[in-house]
Amino acid sequence: LRVEETDSADTFKVSGRGELHLSILIETMRREGYELSVSTPRVLFKEIDGVRCEPIERLLIDVPDNCVGSVMEKMGVRKAELVHMQPIGNRTRIEFLIPSRGLFGYRSEFMTDTKGEGVLNTVFDSYRPYMGEIPTRTVGSLVAFESGTAMAYGLFNAQERGTLFIDAGVPVYEGMVVGVSPKAGDINVNVCKKKHLTNTRASGSDDALRLETPRILSLEEAIEFIDDDELLEITPKNIRIRKTILDTEKRLKANFRKREQKV
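Residues numbered from 1 in each chain as written. Predicted model: local features only at pLDDT ≥ 70, side-chain atom pairs only at ≥ 80, totals over all residues. Heavy atoms only, no water.

(A) Structural detail: the pairing of strand S1 (residues 2-5). The pairing of S1 with strand S2 (residues 12-15) spans four bridges and is classified as antiparallel. Paired with Glu 5 across the two strands is Phe 12, which belongs to S2. Hairpin remark: S1 followed by S2, antiparallel, with six residues in the connecting loop. (Pairing = 2+ DSSP bridges. Helix = DSSP H or I, 4+ residues; strand = E, 2+ residues; numbered from the N terminus.)

The following block contains the structure:
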């Protein structure tokens, strides 16, 4: 584990062996009362003989036979190279060489694909020339565009757009990520919205709305989830995901400029 100072007095660059290694440091600091924000992890590239090279992991996967197809499909997208495959009873052991950045966000996806029965282990193998772009997150974020307290009515409408991370009564702020959308791209939602009172409606009617159980992310899952324009906000009592630019209007303008630069 290596910690380096940066140009900013309150910003540090921390290098370690994967999300688990970094999350142990973050969790220790959180329990000691620190408050901090963490950006999305990035791999360390090396210049070798004038060629930009990236770290490669040797990945060993042990899964039930009926899960091999989904694993092979995901590995292909992440630039993995199949080294060896061996059937063992009703399970299959598969060995890959894969870029370290190809594993970002995959562990939780792997557990879902294998219904919790898969085993995944990695060890550093070597540096190889850069293997090209790898699609990272294929889902979007549900982002609160108003500060206040999450209300049942607002959450009921928001849960139609995706899976929520919070329940009713939770304080939220503008730019806070309150859920995940199954489609790419962010969606602004108003989770603080109340239903207007009418002559035929009691004030407690919101209690009758059926809310789905929110998905509570662990520290490791949250580190895997955050995108390049998001931060993981750590406090002794809470783990929250937020946009780097909280103001909705400023964030939309920044995204527009970024798209123009790509064109």
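(B) Focus on the packing of aromatic side chains. Counted according to the given criterion, the structure contains four aromatic pairs. Look at Phe 165 and Phe 225: their rings are 5.6 Å apart centre to centre, the planes differ by 85°, and that puts the pair in the edge-to-face class. Placement of the pair is Phe 165 in the loop between strand S11 (163-164) and strand S12 (171-172) and Phe 225 in helix H5 (residues 219-225), with a sequence separation of 60 residues. Assigned by exposure class, Phe 165 and Phe 225 land together as buried. Positioned above the aromatic ring of Phe 45, the side-chain terminus of Arg 52 is 3.9 Å from the ring centre. (Phe/Tyr/Trp six-rings, centres within 6.5 Å; stacked < 30°, edge-to-face > 60°. Buried < 20%, exposed > 50% of the residue type's maximum accessible area, 1.4 Å probe, protein only. Lys NZ or Arg CZ within 6 Å of the ring centre and 35° of its normal.)

(C) Fine view of the packing of helix H2 (residues 68-77) against helix H3 (residues 106-113). Direction vectors running N to C along H2 and H3 enclose 155°, while the axes themselves pass 10 Å from each other. Of the possible angle classes, the one that applies to H2 and H3 is roughly antiparallel. Regarding H2 and H3, the two cross each other, and that crossing is right-handed. Counted together, Ser 70, Val 71, Lys 74 and Met 75 of H2 and Tyr 106, Glu 109, Phe 110 and Asp 113 of H3 form the full contact between these two elements. Looking at the contact of H2 with H3 residue by residue, the classes come out as four nonpolar, one polar and three charged. (Axes fitted to C-alpha atoms, helices over the stretch in contact; angles between N-to-C directions. Parallel < 35°, antiparallel > 145°, perpendicular 65-115°, else oblique. Left-handed = near helix turned anticlockwise from the far one by under 90°. Contact = heavy atoms within 4.5 Å. Nonpolar A, V, L, I, M, F, W, Y, C, P; charged D, E, K, R; others polar.)

(D) Structural view of the pattern of salt bridges. Tallied over the entire structure, the rule returns 17 salt bridges. Between Arg 101 and Glu 54 there is a salt bridge whose closest N-O contact spans 2.5 Å. With a gap of 47 residues between them, Arg 101 in the loop between strand S7 (91-99) and H3 and Glu 54 in strand S5 (residues 51-64) connect regions that are remote in the sequence. Given the relative accessible area of 14%, Arg 101 is considered buried. A salt bridge links Lys 243 to Asp 229; the shortest N-O distance between them is 3.2 Å. With Lys 243 in strand S16 (residues 239-243) and Asp 229 in the loop between H5 and strand S15 (230-234), this residue pair connects regions lying 14 residues apart in the sequence. It is possible to trace a salt-bridge network through shared partners that takes in Lys 74, Arg 78, Glu 109 and Asp 113. (Salt bridge = Lys/Arg side-chain N within 4 Å of Asp/Glu carboxyl O.)

(E) Spatial organisation of the environment of Arg 91. Its place among the elements puts Arg 91 in strand S7. Residue classification places Arg 91 among the partly exposed positions, given a relative accessible area of 22%. In this structure the C-alpha to C-alpha distance between Arg 91 and Asn 66, which are 25 residues apart in sequence, comes to 8.4 Å. Beyond its immediate chain neighbours, meaning those up to four positions away, Arg 91 contacts Asp 62, Val 63, Pro 64, Asp 65, Gln 86, Glu 117, Gly 118 and Val 119.

(F) Local environment of H2. All of the buried residues in H2 are Val 68, Val 71 and Met 75. Each buried residue of H2 sits inside an arc of 65° when the element is viewed along its axis, so together they form one side. Facing away from the buried side of H2 by more than 90 degrees, the exposed set consists of Glu 73 and Gly 76. Contacts made by the buried residues of H2 are with S5, strand S6 (81-88), S7 and H3. Of the residues flanking the end of H2, it is Lys 79, one or two places downstream, whose phi is positive at about 65°. (Arc of directions from axis to C-beta.)

(G) Geometry of the environment of Arg 210. Looking at the element boundaries, Arg 210 is found in the loop between strand S14 (187-189) and H5. Since its relative accessible area comes to 73%, Arg 210 is described here as exposed. Taking the C-alpha atoms as reference, Arg 210 lies 7.3 Å from Phe 156; in sequence the two are 54 residues apart. Contact partners of Arg 210, with chain neighbours within four places excluded, come to Phe 156 and Gln 159.

(H) Representation of H3 in the model. Among the residues making up H3, those that are buried are Tyr 106, Phe 110 and Asp 113. Buried residues of H3, viewed axially, fall in a sector of 65°; they line one side. Buried-residue contacts for H3 involve S5, H2 and strand S8 (119-129). Among the residues trailing H3, Lys 115 stands out with phi positive, at a value near 55°.

(I) Layout of a nonpolar patch on the surface. Taken together, the side chains of Leu 1, Val 3, Phe 12 and Val 14 present a nonpolar region at the surface, about 380 Å² in accessible area. Mapped onto the secondary structure, Val 14 falls in strand S2. Residue class for Val 14 comes out partly exposed when judged on its relative accessible area of 34%. (Patch = residues over 30% accessible without salt bridge, like charges linked within 9 Å, V, L, I, M, F, W, Y side chains within 5 Å. Areas by Shrake-Rupley, 256 points an atom, 1.4 Å probe, with all protein chains shown as cover.)

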